[in-house]
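Per-entry structural report
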Amino acid sequence: ILTDLSGAALTREIVDCKQTLEQIMGREVPSFAYPKGRRNAETMRRVKEAGYRAARGLRMLSLSYDFPPFDMPVTVQAYPHRRIRYVRNLMRRGEVMALVKSSVRIGRSKSWVQLGKELFDRALRDGGVWHLLGHSWETEKLDRWSELAEMMDYVSHRPGVRYLTNGQLSQMVQA
């Protein structure tokens, strides 16, 4: 958890790991994901100084293009969260109107897949960024590959949809 670190340990996790990944991959790693979504002003500053162009947190239920590049939100996570988790996420951010708008959708969704489909349809209808977050280790541990496949089948090959990486999204939003 980066917010628990400082000095050389924080540098190692942000800067050294970026360099190692770039050496392994043979190309730039333009975006960062805060472990467990936890960040503060110091970690955000260090991520930017390390040369990343964007970083993703864990603010869920967002379809907005309007976000700071080092605080990129997501729409839905490929994980079976309880409904209260979504409510707490919105309340912690002080997004009461988003909570009001989303409460019916959250309440009637039987799964993250159903919620993800409804939010994808809303992004298609009203515009915005639909951003899926997933961790392969969680999907494996919980044996949720069929749910992920269902979600990916639903959103793939849609005319007029641009499919972007976090790095590409941050470039587009900043432009």
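Conventions adopted
Residues numbered from 1 in each chain as written. Predicted model: local features only at pLDDT ≥ 70, side-chain atom pairs only at ≥ 80, totals over all residues. Heavy atoms only, no water. Helix = DSSP H or I, 4+ residues; strand = E, 2+ residues; numbered from the N terminus. Rg over C-alpha atoms; globule rule 2.2 N^0.38 Å. Buried < 20%, exposed > 50% of the residue type's maximum accessible area, 1.4 Å probe, protein only. Contact = heavy atoms within 4.5 Å. Areas by Shrake-Rupley, 256 points an atom, 1.4 Å probe, with all protein chains shown as cover. Lys, Arg positive; Asp, Glu negative; His and termini not counted. Charge placed at Lys NZ, Arg CZ, Asp CG, Glu CD. Phe/Tyr/Trp six-rings, centres within 6.5 Å; stacked < 30°, edge-to-face > 60°. Patch = residues over 30% accessible without salt bridge, like charges linked within 9 Å, V, L, I, M, F, W, Y side chains within 5 Å. Salt bridge = Lys/Arg side-chain N within 4 Å of Asp/Glu carboxyl O. 1 Å grid on protein atoms, 1.4 Å probe; cavity = no way out; pocket = protein on both sides within 12 Å on 5 of 7 lines; lining within 4 Å. Points joined across faces, edges and corners; volume = space filled by probe spheres on them. Nonpolar A, V, L, I, M, F, W, Y, C, P; charged D, E, K, R; others polar.

**Some thoughts on the overall build of the protein**
- When you go through the protein residue by residue, the secondary structure sums to eight helices and four strands.
- Walking the protein from its N terminus toward its C terminus, one meets helices and strands in the order α-β-α-β-β-α-α-α-β-α-α-α.
- Taken over C-alpha atoms, the radius of gyration comes to 17 Å for the protein, in line with the 16 Å a tight globule of 175 residues would show.
- Taken over the C-alpha atoms alone, the protein extends approximately 45 × 40 × 35 Å along its principal axes.
- Put simply, the protein has 175 residues, and 36% of those count as buried.
- Here the contacts in the protein between residues at least 6 apart in sequence split such that 57% fall between residues at least 24 apart.
- Only carbon and sulfur atoms are counted for the fraction: they give 53% of the accessible area of the protein, which is about 10300 Å².
- When the 29 positive and 19 negative side-chain charges of the protein are each reduced to one mean point, those points stand 5 Å apart.

**Quick word on the packing of aromatic side chains**
- Under the criterion given, the structure shown has four aromatic pairs.
- Centre to centre, the rings of F32 and Y52 are 5.0 Å apart; their planes meet at 65 degrees, and the pair counts as edge-to-face. In this pair, F32 is assigned in strand β1 (residues 31–33) and Y52 in the loop between α2 (41–49) and β2 (54–56), connecting sequence segments 20 residues apart. As far as the burial class goes, F32 and Y52 line up, both buried.
- Residues F120 and Y154 carry aromatic rings whose centres are separated by 6.2 Å and whose planes lie at 75 degrees to one another, so their mutual orientation is edge-to-face. With a gap of 34 residues between them, F120 in helix α5 (residues 112–126) and Y154 in helix α7 (residues 145–155) connect regions that are remote in the sequence.
- When its relative accessible area of 5% is taken as the criterion, F120 is described as buried.
- Look at Y154 and you get partly exposed, because its relative accessible area is 23%.
- Each member of the aromatic cluster is reached from another via a ring pair, and the members are F32, Y34 and Y52.

**Observations concerning a positive patch on the surface**
- A cluster of basic residues, K36, R38, R82, R85, R88 and R92, forms a positive patch at the surface.
- As for its position among the elements, R82 is in the loop between β3 (76–77) and α3 (83–92).

**Quick notes on empty space enclosed by the protein**
- A full pass over the atoms with the stated rule returns one cavity of 30 Å³ or more.
- Looking at the largest cavity, the residues that line it are S62, L63, S64, F67, P73, V74, T75, V129, H131 and L169.
- When grouped by side-chain class, the residues that make up the lining of the largest cavity number six nonpolar, four polar and no charged.

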